[in-house]
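What follows is each chain in one-letter form.
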Amino acid sequence: MKNFKNLIYLVCVQGANYIAPIAIMYILTKNASIEIYGKFAFWYAVLVYFQTVIDYGFNYTATREVAALDDKSENESLSKLLFYVSFSKIIIAAFLLLIIFSSSLFFNFNLELAIIVFFGALFSSLVPNWFFQGTQNIKSISILNIFGKLSFIIISFCFIENYSLENIFIAYFLSASIPIIYSVIFFRKFKLIKEGYFDNVIRYIKDGRNIFSANVLAVLLSNGGVIFLGLFADDKILGIYSFCERIAKSFLGLFSPIFTAFYPVFSRKFALEFNNGIDFHKRFSIILFGSSITFLLFAYLIADFFFSKNVHYDKSYFSILMIWVLVSLMNNAFGIQFLCASGNDRLYVKGMFSAFIVFLCFVGFNFFENRGVQVALTTFASEFLLLLINIKYYLF
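Summarised in this report is the structure supplied together with it. (Residues numbered from 1 in each chain as written. Predicted model: local features only at pLDDT ≥ 70, side-chain atom pairs only at ≥ 80, totals over all residues. Heavy atoms only, no water.)

### Regarding the overall build of the protein chain
And step 1. A tally of helices and strands in the protein chain yields 16 helices and zero strands.
And step 2. By the compact-globule yardstick of 21 Å for 396 residues, the protein chain fits well, its C-alpha radius of gyration being 21 Å.
And step 3. In terms of its C-alpha atoms, the protein chain occupies a principal-axis envelope of roughly 60 × 45 × 40 Å.
And step 4. For the protein chain, the residues scored as buried account for 53% of the 396 residues in total.
And step 5. Here the contacts in the protein chain between residues at least 6 apart in sequence split such that 82% fall between residues at least 24 apart. (Helix = DSSP H or I, 4+ residues; strand = E, 2+ residues; numbered from the N terminus. Rg over C-alpha atoms; globule rule 2.2 N^0.38 Å. Buried < 20%, exposed > 50% of the residue type's maximum accessible area, 1.4 Å probe, protein only. Contact = heavy atoms within 4.5 Å.)

Following this line, the structure appears as structure tokens:
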């Protein structure tokens, strides 16, 4: 019953996470232009990349460690995990900020906007969702995450003039501060850890390097199309592709609460009895495959019906990206829920690296006159290769 309640909260949080960028998409395409939305999508992809770097895979490794704790060591170990992980993120963020400033000396980009985006990513990353997920105590933080995202939409819609990207991302930064304030108040009851920080930062960085590599590669595969088009294509193609991708990812995001809720469950099952974890995973994968095909088919038909007359909608982009969504769902099942949850992070990284190499090899060549179609096909092909590799590890 508790897992079901947590799943409902996660569904609501994920809904808010995807409604927010879709609402911004509607605001910008209706009141500004598709080009402005394309620029927003590019910088939002950069924000996601920054957040992934700062998170350093702790959302998986720390969640797995919390879920595997026994009752006797829980309080002291939780305090150590909380403070060490938070400190590790701050250290990583400091290095990332230094890289941003250093890059501005060699490359021409909007440094002010990059700094705003960085702090939005930092505040989002410092919210210890991993802690609440691992302890299965996510009601309060979920409500505040939802409130933060809704406040982001309201501020963007009501108070931002001329649809300045700087102001939009400042609104994002402010919305992320709401769950941060709650977290600080909540964790005051935990014992303050005063030693062992640097030793444990090094340990966590070593232990999490495989998950970190996998997450960075996953974000580059997932958002690489938008980043590539933002760097090498005109703003209109970027905007149209981002428009179609956002619709497709909204359907992908509906499954995210399921994966988030089940990851600590798989982690604990594999830690206690590997064979029982395998049996549970088989049933999970079969149900996921059948339900996702049915859902995505209806989602495609409904979305195509509603958006077919929209001037920013491109059916070829959307069709390819919806197939990519299906492959991505199965990749999560075999990659994250099996390989990572069972502690085989290294194998998942190897597969991700191979897929990323394929993405880089094909995305830069002009096989198609339309750069958007090429990027969509390359994204799908690299994701499909990753699925084949993960299935191979699963079977053998």
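That shown, we press on.
### Re the packing of aromatic side chains
And step 1. Counting across every chain of the model gives 28 aromatic pairs.
And step 2. Measuring from ring centre to ring centre gives 6.2 Å for Tyr-44 and Tyr-172, while their planes differ by 85°; the resulting arrangement is edge-to-face. Taken together, the residues Tyr-44 in helix α2 (residues 34-55) and Tyr-172 in helix α8 (residues 165-186) connect sequence positions 128 residues apart.
And step 3. By relative accessible area, which is 14% here, Tyr-44 ends up buried.
And step 4. Between Phe-152 and Tyr-172, the aromatic rings sit 5.4 Å apart at their centres with planes inclined by 90°, giving edge-to-face as the arrangement. Placement of the pair is Phe-152 in helix α7 (residues 139-158) and Tyr-172 in helix α8, with a sequence separation of 20 residues.
And step 5. Look at Phe-152 and you get buried, because its relative accessible area is 1%.
And step 6. When its relative accessible area of 5% is taken as the criterion, Tyr-172 is described as buried.
And step 7. Ring pairing ties together the aromatic residues Phe-259, Phe-262, Phe-266, Phe-270, Phe-274, Phe-280, Phe-284, Phe-334, Phe-338 and Tyr-394, which thus form one cluster.
And step 8. Over the ring of Phe-280 we find Lys-269, and its NZ or CZ is 4.9 Å from the ring centre. (Phe/Tyr/Trp six-rings, centres within 6.5 Å; stacked < 30°, edge-to-face > 60°. Lys NZ or Arg CZ within 6 Å of the ring centre and 35° of its normal.)

### Describing the nonpolar core
And step 1. By size, the foremost hydrophobic cluster in this structure holds 126 residues, and its most contacted members are Phe-40, Trp-43, Phe-169 and Phe-318.
And step 2. Of the residues forming this core, the biggest block, 16 residues, is contributed by helix α14 (residues 315-340).
And step 3. In this structure, Phe-40 is in contact with Ile-24, Leu-28, Leu-165, Ile-168 and Phe-169, ignoring residues within four places of it in sequence. (Core = buried A, V, L, I, M, F, W, Y, C linked by side-chain atoms within 4.5 Å.)

### Overview of the environment of Leu-388
And step 1. Position of Leu-388 among the secondary structure elements: in helix α16 (residues 371-395).
And step 2. Overall, Leu-388 belongs to the partly exposed group, its relative accessible area being 46%.
And step 3. As for Leu-388 and Gly-351, which are separated by 37 residues in sequence, their C-alpha atoms are 9.0 Å apart.

### What about the packing of α14 against α16?
Each packed pair of helices is defined by two parameters, the angle between the axes and the distance between the axes.
And step 1. Here α14 crosses α16 at 25°, and the two axes come no closer than 9 Å. When the axis of α14 is compared with that of α16, the two are roughly parallel. As α14 packs across α16, the resulting crossing turns out to be left-handed.
And step 2. Of the residues assigned to the contact of α14 with α16, the class counts are 20 nonpolar, seven polar and one charged. (Axes fitted to C-alpha atoms, helices over the stretch in contact; angles between N-to-C directions. Parallel < 35°, antiparallel > 145°, perpendicular 65-115°, else oblique. Left-handed = near helix turned anticlockwise from the far one by under 90°. Nonpolar A, V, L, I, M, F, W, Y, C, P; charged D, E, K, R; others polar.)

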